Amino acid sequence: MKYYFESFCYLFLFSLIIASCSTQKNRFLNRQYHSINTKYNVLFNGKEALTIGEEILNATIEDDFFEILKTDPILLKGERFDRNTIVPGFDKAEEKAVKAIQKHSMNIEGFQRNNFIDEAYLLLGKARYYDRRFFPAIEAFNFLLENNIDQPVYIEGRIWREKTNIRLQNNQIAINNLRPLARKLINKNQFYGLANATLAQAFINLKEIDSASYYMIRAANHEKILSSKVRYAYISAQLYELKGSKDLARYYYNSIVELNWQASRKFWINAKINSLRLSHEKFKTPFVQPINNLLKVYENKIFSHSLNRALGVYYLSKEKDSLVNIYLKKSLKSKGIDNPTRKVNYRDLADLNFKNKKYLFTGSYLDSLLLLLPKESIIKNKTQRERDNLSDVIFFENQFKETDSLLSLLGLNEAEQRKYFQEFLLKKRELELDKLKILTKEKKSNTFFKTNSPPLFYFYNPTLVLKGKQHYASTWGKRPNIDNWRNKVQVQFKNTLFQKNKKDTNPNVSKIEIESVDFYINQIPKSPGIIDSLKQKNHQAALKLGLIYKEKYKDKKLSIKNLKYVIDSLAPPVFLTPALYHLYKIHLDGSKDLANNYKNQLINQFPESIYSKVLLDPNNYVLGELRTPKSMYLKMLNKYLEGNYIEALSMMEGIKVLLVATKWESKAMLIKAQILGRIYGKTVLEEQLSLIAKEYPSSKSAIKAKRDLENINKNFKEKTKTLAEFKWVFPYKRDSDFEVKKLIDSLEININQLQTKNWKLTNDTYNNDYQFIVIHGIKSKLQIDSIKQKLPESTLKLLDSNNFVALSAQFRKIFIEKSWKRTN
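To keep things clear, this report deals only with the structure shown in the data block. Given the structure is predicted, the values throughout are model-derived calculations rather than measurements.

### Quick notes on the pairing of strand β3 (residues 726–733)
Logical step 1: By the criterion of burial, β3 is predominantly enclosed, with 7 of the 8 residues buried.
Logical step 2: Where β3 lies against strand β5 (residues 770–778), 7 bridges are found, and the strand directions are antiparallel. Its bridge partner being in β5, F730 is matched across the sheet by I773.
Logical step 3: Here 4 bridges tie β3 to strand β6 (residues 804–807), and the two strands are oriented antiparallel to one another. Residue pairing for β6: V729 is matched across the bridge by F804.

Shown next, in the form of structure tokens:
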């Protein structure tokens, strides 16, 4: 009997559970079943996933303390705003919210009977918001607000919808929707701080600082969550500082400092730095000593980048550049440094070095900064332009430095070279040992159990290991980790194969570098050809630097230094004449005697140079009628476009002096290359384009020259056509008495009369001596014979016996390779 009773009870309970599963029946059991299942199962797991995601986000976010902080940052380092988040948890939260809505929603007769579905929609919107899918998020919040819901969920839903509108840059809509709610809420309400902070963020985005400050203070004063309260207080201080109210800014910074360890340490450190700075500015209180005291605290080591930067900025305001350099570099070397601090440090160091005319270091810091800036941003494009403007000076500074070092080594005898490399290797090894000692000291300071006795086994002694590596490098060199590594031939062969697979064209990759004096001495060039090339590059770099500093940076001191180097090193006339001319121009505003000395030296030693001609006869020289480099370039360009190549080339020689070290110089040289290529053929064009790529390596003209070189080296193939096309060519000598105009006019008249379609007549420069009158668009040779019979005798008399017919492909080859020869 008992068995049947228990079975009946189980069956009854099972029937109740089955009956309560329906979401379409408005019964107590159904409502309770779905509410409890939603709250303690699906929704609970979803909220837990969302909390995990928020904690990961808060722990890993990098706040930019050099800008006004965001009220709710959601973008991690390396993430893009238009992509979904990489933080785990939010996708699971969305999944649970969707499951709760789909399986437990009890929308009966337009009224929601499950009280926790509203929270599911709120969770859904939050998860999508954190995943940066703002349109689906705002859809979830709108659906939530359209239903009859509890007041706390309604208020939170309204705030989150406006947060989403702010992310979509609908700041004014967010203000209009949220301002009435923020004013209506009492300060004891749990959402009072969030509503006011969100409203303040919208005003910050619109740069309405007064309104933003008003609502942010309300949020900071009454927020219940400590982490949010600290953030709102810091933003309030930033806004007050932006408005110029430094006393109030200091008050809010101090409110964070007074929290001590209750506040997040990164906020505490930055608030302390700003509080000390503002106090120093107003009351002249100490700044450096308190910062140094903070650096000594072990817990602050992870924030040493902020503290060292604070000292660097302090010394920057005092114009102590050497100390600025030291502390900003210390900040960059700190282990816990974040990207925002890196960016401002690189920016400040780049500006500092540019101010001090250290352009190589400026370019290096700008290169580092560019790697940290977001792609396709305005600030990155601006920084890239700054870096591009330095490309010429950096290239030639490096070229001068390298060639000057090699030439200095070549000036030493073998004993002196050997001594130099011995000292170099000794210093290198000492530096390596010093670095090792510093690292060992740092490791010991971080170790709880300290022992003074050295390890017994050499493998655990870093000093002995380093010395062993140095001895290996000096004996065997840098060899790959392969079988038979002692076999030099095999190692070089495998290295070559590896580089071939990588498509590396460097011819020196297979050499084994041995850290020994003999190895380095053997690398010094001995060939007279290579040494002459080094001297030429050295003189070229010095001349270019002198002209760049003169024209671009208006730095007379550096310009004179480099131009005098060209003269003192007895450079060839091609470098010496422009150096003398520009030294004369520089000293005109200062020492007249020195200017005249350079002028006389130029005229007496190089009377036939273009620079001497300009000085001897400035009024009648072509420069007299031209005003600016741009106007001269445009005149030459017009001549080129009109087809007057010889005139354009002659003008180029005349205006060369004034184009030096301007952006028009490389452009003019590119036109010159095209003209010379047209006159003398493919080989000359290649030479000229290679020269442009070498002389102006970082200019746009050099990029185009390299691209043209690649195209020239490709095979010239005739485009596929349905019918072959011929050219009828009439060569004539440019200085002959040949009646060119009469022939052209006669041919044009007769071609028009004969109604030949698609025929075109041009007068092209072939080379320095000959012009080609060319009729284009001929489809068959038979057409030429029939037209000859129809031409009048006056035209036939004008035709030279050298006229010929060629296919388009043949004509192109003749023109490019200059292979046509006169028959008589």
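From this point, things continue past the structure.
### Quick look at helix α12 (residues 265–283)
Note that an α-helix has 3.6 residues per turn; residues three or four places apart therefore point the same way.
Logical step 1: Along its 19 residues, α12 runs 26 Å from first to last C-alpha, staying within 8% of the 27 Å computed at 1.5 Å per residue.
Logical step 2: Within α12, 14 of the 19 residues are buried, leaving the element largely enclosed by the surrounding structure.

### As for the environment of I117
Logical step 1: You can see I117 is positioned in helix α4 (residues 117–130).
Logical step 2: Taking the C-alpha atoms as reference points, I117 and V98, 19 residues apart in sequence, are found 10.0 Å from one another.

### Overview of the pattern of salt bridges
Logical step 1: Tallying each qualifying case throughout the model produces 25 salt bridges.
Logical step 2: When the shortest N-O distance is used, the salt bridge between K266 and D63 registers 2.8 Å. Of the two residues, K266 is situated in helix α12 and D63 in the loop between α2 (28–60) and α3 (90–104); the sequence distance between them amounts to 203 residues.
Logical step 3: The residue D210 makes a salt bridge to K243 at a minimum N-O spacing of 3.7 Å. Of the two residues, D210 sits in helix α9 (residues 209–222) while K243 sits in helix α10 (residues 226–243), which places them 33 residues apart along the sequence.
Logical step 4: The class for K243 is partly exposed, based on a relative accessible area of 35%.
Logical step 5: Linked by salt bridges that have partners in common, E94, R128, D131 and R133 make up one network.

### Here we look at the packing of aromatic side chains
Logical step 1: The final tally for this structure, using the stated rule, is 26 aromatic pairs.
Logical step 2: Ring centres of Y315 and Y327 lie 5.7 Å apart, and the angle between their planes is 20°; on these two criteria the pair is classed as stacked. On the criterion of sequence distance, the pair formed by Y315 in helix α14 (residues 304–317) and Y327 in helix α15 (residues 321–333) is long-range, its members being 12 residues apart.
Logical step 3: The exposure class of Y327 is buried, given its relative accessible area of 14%.
Logical step 4: Each ring, one from Y359 and one from Y553, has its centre 4.6 Å from the other, and the planes form 25°; the classification is stacked. Remark: Y553 occurs in the loop between α24 (528–551) and α25 (556–568) and Y359 occurs in helix α17 (residues 359–372); sequence separation between them is 194 residues. As far as the burial class goes, Y359 and Y553 line up, both buried.
Logical step 5: Within the aromatic cluster, the residues linked to one another by ring pairs are F90, Y129, Y130, F134 and W160.
Logical step 6: One cation-aromatic arrangement involves K163 over W160; the distance from NZ or CZ to the ring centre is 4.7 Å.
Logical step 7: Here the basic side chain of R265 rests over the ring of W268, its NZ or CZ set 4.1 Å away from the ring centre.

### Digging into a positive patch on the surface
Logical step 1: Together, K329, K333, K358 and K435 make up a region of like positive charge exposed at the surface.
Logical step 2: Considering the arrangement of structural elements, one finds K435 in helix α20 (residues 414–445).

### Some remarks on the environment of S699
Logical step 1: Following the sequence through the fold, S699 ends up in the loop between α32 (682–695) and α33 (700–713).
Logical step 2: Between the C-alpha atom of S699 and that of S666, which follows or precedes it by 33 residues, the distance is 7.3 Å.
Logical step 3: S699 has contacts with D392 and S666, leaving out every residue within four places of it along the chain.

### Concerning the sheet that holds β6
Logical step 1: Strand order in the open sheet formed by 4 strands is β4-β5-β3-β6, with antiparallel pairing between adjacent strands. The open sheet has two edge strands, β4 (760–765) and β6, and neither has a second partner. Averaged over all pairs of adjacent strands, the angle between strand axes in this sheet comes to 30°, irrespective of strand direction.
Logical step 2: Relative to β5, β4 runs antiparallel, the two sharing 6 bridges. Across the sheet, residue K760 finds its bridge partner in β5, namely H776.

### Some details on α32
Logical step 1: Here α32 spans 20 Å end to end across 14 residues, near enough to the 20 Å set by a 1.5 Å rise per residue.
Logical step 2: Among the residues of α32, those classed as buried are L685, Q688, L689, I692, A693 and E695.

What counts and what doesn't
- Residues numbered from 1 in each chain as written.
- Predicted model: local features only at pLDDT ≥ 70, side-chain atom pairs only at ≥ 80, totals over all residues.
- Heavy atoms only, no water.
- Buried < 20%, exposed > 50% of the residue type's maximum accessible area, 1.4 Å probe, protein only.
- Helix = DSSP H or I, 4+ residues; strand = E, 2+ residues; numbered from the N terminus.
- Pairing = 2+ DSSP bridges.
- Expected span 1.5 Å × (residues − 1).
- Salt bridge = Lys/Arg side-chain N within 4 Å of Asp/Glu carboxyl O.
- Phe/Tyr/Trp six-rings, centres within 6.5 Å; stacked < 30°, edge-to-face > 60°.
- Lys NZ or Arg CZ within 6 Å of the ring centre and 35° of its normal.
- Patch = residues over 30% accessible without salt bridge, like charges linked within 9 Å, V, L, I, M, F, W, Y side chains within 5 Å.
- Areas by Shrake-Rupley, 256 points an atom, 1.4 Å probe, with all protein chains shown as cover.
- Lys, Arg positive; Asp, Glu negative; His and termini not counted.
- Charge placed at Lys NZ, Arg CZ, Asp CG, Glu CD.
- Contact = heavy atoms within 4.5 Å.
- Axes fitted to C-alpha atoms, helices over the stretch in contact; angles between N-to-C directions.

Read these as spatial facts, not as claims about activity.
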